[in-house]
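# What the coordinates show
Here are the chains, one letter per residue:
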Amino acid sequence: MTKEKVKELTEEYLKTKKNVWNQGYIKKALLAMSHDKCIFCECKLGEESKYIEVEHFHPKSLYPYEVVDWLNLLPICKRCNGLKRDHDTKLEPILNPTIDEPRQHLFIKNYRFFSKDEIGKRTIRILQLNDSERVLLPRFKIGNQVSETLDLLMKWIDKTNGTQAIDDQNELICKVHNLLNSCQSESEYSATCSYALFSDENYYDIKKHMIYKGIWDSDLEALEKKCLEHCLISEALLKQCSV
């Protein structure tokens, strides 16, 4: 938005209290920025009961002059928006995923978020990121799907005794490629998928097999590197699993 448009909408809000941020072009830009995901819990927006709400990181009730400041607008789901409410993020900061690096404040263990500092702790509490039914259960289900896929791939490798058939090798490459794709930032629950993948010893055994067969290629290496850049698995667990 231009400075003139920001000024116009801000003045309109101050006078009328209308939802001036509820503009199609604003929502479209926010969704593109977050890959159509809630900025906090990573659920896909646009699905039933998860439609996008425009969140003011610094609450508009306390900071009305930032009501259409682009840096203050976030795409968020109904659940997270309802929990964050008018929490004063300037007085008591929480994680802003568009500015902060989440791995500096949070890590995942057993599909639960844990804090590295006060910002991480406050973020988990305010947004209830370990809410059993609404966010933790979906993580368990996704993690189980990843583990089952890896288990099936290991059984397939053992059963075929490391076949040299090109079609079989290509199938393995594609399945591992798809797993790594599910861990990319644009995918729903990518943090959970990457935790499930990199904390499973089967993944490293599959990778070793593919390197031995000469089918672990540069595309897979690049995808893995990109995953690890933002993965929330603790460094200690990552080293332990990859040994």
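What you see is a predicted model; the values in this text were computed from it and never measured. All chains use their own residue numbering, which begins from 1 and follows the written sequence. Totals for whole chains, interfaces and linings use all residues, but because this is a predicted model, local features are given only for residues with pLDDT of at least 70 and pairs of side-chain atoms are given and counted only at 80 or more. As a rule here, side-chain values cover all heavy atoms of the structure and leave hydrogens and water aside.

### Here we look at unusual backbone geometry
- You will see that Asn 110, though not glycine, has its phi angle at about 50°, which is positive.
- Numbering goes from the N terminus for both helices and strands, where a helix is a DSSP run of H or I of at least four residues and a strand is a run of E of at least two. Relative to the elements of secondary structure, Asn 110 occurs in the loop between strand 3 (106–109) and strand 4 (112–115).
- Any residue under 20% of the maximum accessible area for its type is buried, any over 50% is exposed, and the rest in between are partly exposed; the area is computed with a 1.4 Å probe on protein chains only. Residue classification places Asn 110 among the partly exposed residues on the basis of a relative accessible area of 49%.
- One non-glycine residue with positive phi stands out, namely Gln 128, at about 45°.
- Structurally, the position occupied by Gln 128 is in the loop between helix 4 (118–127) and helix 5 (132–160).

### Quick word on the confidence of the model for the protein
- A residue's pLDDT is simply how confident the predictor is in it, with values from 0 to 100. Across the protein, the average pLDDT comes to 91, with 95% of residues at 70 or higher.
- Confidence scores differ between elements of the protein, with helix 10 (residues 235–242) showing the lowest mean pLDDT of 68 and helix 4 the highest of 97.

### Re the pattern of salt bridges
- Each salt bridge in this description consists of a side-chain nitrogen of Lys or Arg and a carboxyl oxygen of Asp or Glu lying within 4 Å of one another. Evaluation of the coordinates by the stated rule reveals 9 salt bridges.
- Between Glu 53 and Lys 78 there is a salt bridge whose closest N-O contact spans 3.8 Å. Placement of the pair is Glu 53 in strand 1 (residues 53–56) and Lys 78 in helix 3 (residues 78–84), with a sequence separation of 25 residues.
- Glu 53 sits in the buried class, given a relative accessible area of 17%.
- Glu 66 is the salt-bridge partner of Lys 90, the closest N and O atoms lying 2.6 Å from each other. Here Lys 90 is found in the loop between helix 3 and strand 3, whereas its partner Glu 66 is found in the loop between strand 1 and strand 2 (73–76), with 24 residues between them in sequence.

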